[in-house]
Amino acid sequence: MAILPGISGPRDLDRLSAEQLAELAAEIRVFLIENVARTGGHLGPNLGVVELTIALHRVFSSPDDPIIFDTGHQSYVHKLLTGRQDFSGLRSRGGLAGYPQRSESAHDVVESSHASSSLSWADGISRAFTATGRADRHVVAVVGDGALTGGMTWEALNNISDDNERNLVIVVNDNGRSYAPTIGGMARYMNRVRTAGVYRDLHRKSDRFFRAFGPVGRAFYRGVRGGTHGFLSRFSNNEELYSNLDIKYLGPVDGHDIPSLLETLKLAKDFGAPVIVHVITEKGRGYQPALDDEADQFHAVNKIDPKTGTPLAVSGTGWTDVFADALVDVGARTPNVIAMTAAMLRPTGLAPFAERFPDRVYDVGIAEQHAVASAAGLAYGGLHPVVALYATFMGRAFDQVLMDVGLHRAGVTFVLDRAGVTGPDGPSHHGLWDLSLLQIVPGIRIAAPRDAERLREELEEAVAVDDAPTVIRFPKGGVTPEIPAIERLHDGVDVLSRGEGEDVLLIGIGPFATLALDVAQRLNAQGIGATVIDPRWAIPVQPSVVELAARHRLVITLEDGIRVGGVGTRVRQVLREAGIDTAVDELGLPDEYIDHASRDQILEDAGLTAGKIAQDVVAQVLGTRVPIARPTGEVPLHTGTVEIVANLSDERGAEERRRR
């Protein structure tokens, strides 16, 4: 009889024998493979933590003892054990989220799927429990070895080690990988631990020797192994530097041996002070197609055949693919171009560049702040770094963009993948904030290509800039069909279509140019003359955009980012600065945390469909909806717009030259 259907909460595990727990683990693996194959999701990481999650919920009492998953992509097993076994709508609207989500369960604590923050959360929660008289409660943080490459982890450890009067357990889930194999000096150390004879002997001899002493003897052995100076001194072998960081270390423990996990976690629970439990697991455990996938062991998959692991649908060329090829071409012609990323070499498209130019790629681990500041130094040294990140992670390094790259006018190009609405990954993975955040950096230039050809040419233009940061952003998924311009203006702005009159100017940012063209076609059919432009370089706002806006009755901006502080806001401000009173309607995403759903569903919710936009624009032209279009034939507030804009540009240029 199946065990998993009878698990409605963690305490149902208490009645199971060791043999039944092992059977449950096998059932969970089958469940994950069958269900994630139908929906897509994070398969490899969850297959690797089945026994670990079972042991955690057997030993600790969630939610009274909060379990915090760093990143959270490995929380599927946690969901199953806390009463959420309907995976039919995983990562779809109305279904389970792909990460912990408080609205789903009291057992979910931290929703953010940005890595390396779990120990800071655990530090804060455990301090709060102590301060409010709840010191009997435990806090557990499950952190991957990849997250140990992030600076926040070490900042938190520094503070945790300063207060040893808390029930805090840090489980290091060590599988040697983040997305791909974990890099850096700490990773090399952990790899030595993972492959050392001592660890292999632990597997071979513990059953023969230490079981003879019973559970007490086995627990004593693991406790003694920890030493007195803890986990950090093991990383550095520097006793003097880390001797004051007194965190108990237990392990390494086989992360697929449930009895060993239970004994070690019980010892950690009873210790009465912060403890690190080093657990060695295998990503993709129990599923040969995942184990055979050298790239990322099925870290995240689309719909697949559960038997073979092969994708059920062959995807077309994606934005990431276009960038990957374009960067190799640029690198072949420009020797000073180098590439950087933060533990995402393959997801951001840098693998082909790394294969072609292995000495010109730097993967710094999950350390975006370091990557950006280091890029400023590389630029100072005469190189041109191309820093490839997901747009959602750009916010982690904003201070470095502002103060290290921007202030020093460093020639660094940021390529932001997954910009805008990403869909099923949910609120912490949408790339909605980069346009609003980055455009406030003085001197920055931001491009959003509308198609593959524009991505290639804008990358070429970006790496030619050596005195300011440049940004290229593009969305997740397949690249849009090529949209040729009917005219390129003197400052690089592309005109994509013109109507019979100049009623509405539609400014489509990046792939939203397609949406703008659809809207224009609907407006032209109703006798409203619409012009569509793609600024190519959305920031700074080009003089021709101001000139065109002055000639039209209404300006509509369309962008795949939040409206607050977006490109539309910048256009409106520049128009006012130039004395142009043409009304501007800035269309984009609301300043909200948007739940997981399909991209089309999210855009429809935001009113970003051609039909809805055209309907609203008609009302604005007719004067029944604000902002109201200027009446036909009315002269703009200022004439001589071109001269005004040119003068503004000349003044800014002169000021820039004076500053230099």
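Throughout, a residue's number is its position along its own chain's written sequence, starting from 1. Thresholds applied to this predicted model are a pLDDT of at least 70 for local features of residues and 80 or more for the giving and counting of side-chain atom pairs; totals over whole chains, interfaces and linings are not thresholded and use all residues. The basis for every side-chain value is the complete set of heavy atoms in the structure, and neither hydrogens nor water enter the calculation.

A. Quick peek at the sheet that holds strand β16 (residues 537-539). The sheet built from seven strands is open, its strands ordered β7-β6-β8-β9-β11-β10-β16 with mixed pairing. Sheet topology places β7 (361-363) and β16 at the edges, where each strand pairs with a single neighbour. Neighbour to neighbour, the strand axes of the sheet diverge by 25 degrees on average, direction disregarded. A strand pair is defined by DSSP finding two or more bridges across the two strands. Numbering goes from the N terminus for both helices and strands, where a helix is a DSSP run of H or I of at least four residues and a strand is a run of E of at least two. Bridge count for strand β6 (residues 337-341) against β7 is three bridges, and the pairing is parallel. Of the residues in β7, the one forming a bridge with Ala339 is Val361. Think of each axis as a best-fit line through the C-alpha atoms, taken over the contacting stretch in the case of a helix, with angles from 0 to 180 degrees between the N-to-C directions.

B. The side chain of Asn167, seen in detail. Looking at the secondary structure, you find Asn167 in the loop between α6 (151-160) and β3 (168-174). On the basis of relative accessibility, which here comes to 16%, the residue Asn167 falls in the buried class. In protein, a polar contact means a hydrogen-donor-capable atom and an acceptor-capable atom, both N or O and within 3.5 Å, with residues adjacent in sequence counting only if both atoms are side-chain atoms; elsewhere, any N or O pair within 3.5 Å suffices. Here the side chain of Asn167 touches Ala135 through a polar contact of 2.5 Å, landing on its backbone oxygen. Working definition: with a 1.4 Å probe on protein chains only, accessible area under 20% of the residue-type maximum means buried, over 50% means exposed, and in between means partly exposed.

C. Molecular detail of the nonpolar core. The biggest cluster of nonpolar side chains holds 54 residues, and the ones touching the most others in it are Met394, Phe414 and Leu438. Top element by residues in this core is helix α16 (residues 368-380). It accounts for six residues. Contacts are residue-level and defined by heavy atoms, with any inter-residue pair within 4.5 Å sufficient. Beyond its immediate stretch of four places on either side in the chain, Phe414 contacts Val372, Val387, Met394, Val401, Val405, Pro469, Thr470, Val471 and Ile472. One finds Ile3, Phe69, Val140 and Leu250 within the second-largest nonpolar core, a separate group that totals 52 residues. Buried Ala, Val, Leu, Ile, Met, Phe, Trp, Tyr and Cys residues that are joined via side-chain atoms within 4.5 Å together make up what is termed a nonpolar core.

D. View of the packing of aromatic side chains. In this analysis, rings of Phe, Tyr and Trp, with Trp reduced to its six-membered ring, are considered paired at centre separations within 6.5 Å, and the interplanar angle assigns stacked below 30 degrees, edge-to-face beyond 60, and tilted for intermediate values. Under the definition given, this model contains eight aromatic pairs. With a centroid separation of 6.1 Å and an interplanar angle of 15 degrees, the aromatic rings of Trp319 and Phe474 are classed as stacked. Of this pair, Trp319 sits in helix α14 (residues 319-333) while Phe474 sits in the loop between β11 (470-473) and β12 (487-488), placing them 155 residues apart in sequence. Geometrically, the ring pair formed by Phe323 and Phe474 is tilted, given 6.1 Å between the ring centres and 40 degrees between the ring planes. Taken together, the positions of Phe323 in helix α14 and Phe474 in the loop between β11 and β12 put the pair 151 residues apart, joining distant regions of the chain. Residue Phe323 shares its accessibility class with Phe474, and that shared class is buried. Of the aromatic side chains, those joined through ring pairs into one cluster are Phe31, Tyr76 and Phe87. Across the ring face of Phe357, the terminal group of Arg360 is positioned such that the distance to the ring centre comes to 4.2 Å. In this scheme, Lys NZ or Arg CZ marks a charge over a ring once it lies within 6 Å of the ring centre and within 35 degrees of the ring normal.

E. Representation of the pairing of strand β2 (residues 139-144). Taking burial as the measure, the six residues of β2 include six buried ones, the bulk of the element. The alternating pattern of β2 places Val139, Ala141 and Val143 and Val140, Val142 and Gly144 on opposite faces, both of which are buried. By the bridge criterion, three bridges tie strand β1 (residues 67-69) to β2 in an arrangement that is parallel. Across the sheet, the residue bridging to Ile68 is Ala141, located in β2. In the sheet, β2 pairs with β3 via six bridges, with the strands oriented parallel. Looking across to β3, one finds that Ala141 is bridged to Ile170. Clockwise travel from the first strand over the helix to the second, with the strands pointing away from the viewer, marks a crossover as right-handed. Following the backbone out of β2, through α6 and into the adjacent parallel β3, one traces a crossover that is right-handed.

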